[in-house]
Amino acid sequence: MNNPWMHAQSDHFAVRVGMAYDGLPRRINYAFRIALGRPAMPDEIREASDWIQKNRVDLKAAGIVEEKLNRAALASYLRVLMSSNEFLYVD
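Residues numbered from 1 in each chain as written. Predicted model: local features only at pLDDT ≥ 70, side-chain atom pairs only at ≥ 80, totals over all residues. Heavy atoms only, no water.

*Asks:* I'm lost on the overall build of the protein in this one. Help?
*Replies:* Counting its regular elements, the protein contains five helices and zero strands. Listed by position from the N terminus, the elements making up the protein come as α-α-α-α-α. Taken against the 2.2 N^0.38 rule, which gives 12 Å for 91 residues, the C-alpha radius of gyration of the protein at 13 Å falls within 12% of a compact globule. A burial count over the protein gives 32% of its 91 residues as buried. Counting only contacts in the protein whose residues sit at least 6 apart along the sequence, the fraction spanning at least 24 positions is 49%. Summing over all exposed atoms, the protein offers an accessible surface of approximately 6000 Å²; the carbon and sulfur share of this is 55%. Distance between charge centroids for the protein: 5 Å, based on 12 positive and 11 negative side chains. (Helix = DSSP H or I, 4+ residues; strand = E, 2+ residues; numbered from the N terminus. Rg over C-alpha atoms; globule rule 2.2 N^0.38 Å. Buried < 20%, exposed > 50% of the residue type's maximum accessible area, 1.4 Å probe, protein only. Contact = heavy atoms within 4.5 Å. Areas by Shrake-Rupley, 256 points an atom, 1.4 Å probe, with all protein chains shown as cover. Lys, Arg positive; Asp, Glu negative; His and termini not counted. Charge placed at Lys NZ, Arg CZ, Asp CG, Glu CD.)

Here you go:
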């Protein structure tokens, strides 16, 4: 998941999700629909929102410019989503 190709794919995914909807809960739900073929559960939206907000703070501390924080934090979460068992293995 740390391969540069995966980082690029998660960035493209973040752009797609970010352009489709305003608001973090709607973006997270859309990402779940694309990646997993189902809507996100309320607790998944809450956990994803917490992850993204915390990661945004960490990225800002690491020197990421303000204009790129939302996209970078969302892309980081999308890498988590794409590494989930539900994404990797068909049930």
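*Asks:* Whenever I open this one, the nonpolar core confuses me. Can you help?
*Replies:* Considering soluble globular proteins, one finds that nonpolar side chains tend to be buried as a cluster. Core analysis: the biggest nonpolar cluster contains 23 residues, and Phe 13, Ile 28, Phe 32, Ile 52, Tyr 77, Leu 78 and Leu 81 have the highest contact counts within it. Of all elements in the fold, only α1 (4-20), α2 (24-36), α3 (42-61) and α4 (66-82) reach the threshold of two or more residues within this core. Looking at which element gives the most residues to this core, the answer is α4, with eight residues. Those residues within four positions of Tyr 77 in sequence are excluded, and the remaining contacts are Phe 32, Ala 48, Trp 51 and Ile 52. (Core = buried A, V, L, I, M, F, W, Y, C linked by side-chain atoms within 4.5 Å.)

*Asks:* Help me understand the side chain of Ser 49, please; the structure alone is not making it clear to me.
*Replies:* Structurally, Ser 49 can be placed in helix α3. Looking at Ser 49, the relative accessible area reads 15%, which means it is buried. In contact with Ser 49, other than residues within four places in its own chain, are Leu 24 and Ile 28.

*Asks:* In this structure, what is going on with α2? I would like to understand it.
*Replies:* Since there are 3.6 residues in each turn of an α-helix, residues three or four apart along the chain are aligned in direction. Helix length check: α2, at 13 residues, gives a terminal C-alpha distance of 18 Å against a target of 18 Å (1.5 Å per residue), a fit within 8%. Buried residues of α2: Leu 24, Ile 28, Ala 31, Phe 32, Ala 35 and Leu 36, and no others. The buried residues of α2 occupy one face: seen down the axis, they fall within an arc of 100°. Those residues of α2 hidden inside the fold are in contact with α1, α3, α4 and α5 (85-88). (Expected span 1.5 Å × (residues − 1). Arc of directions from axis to C-beta.)

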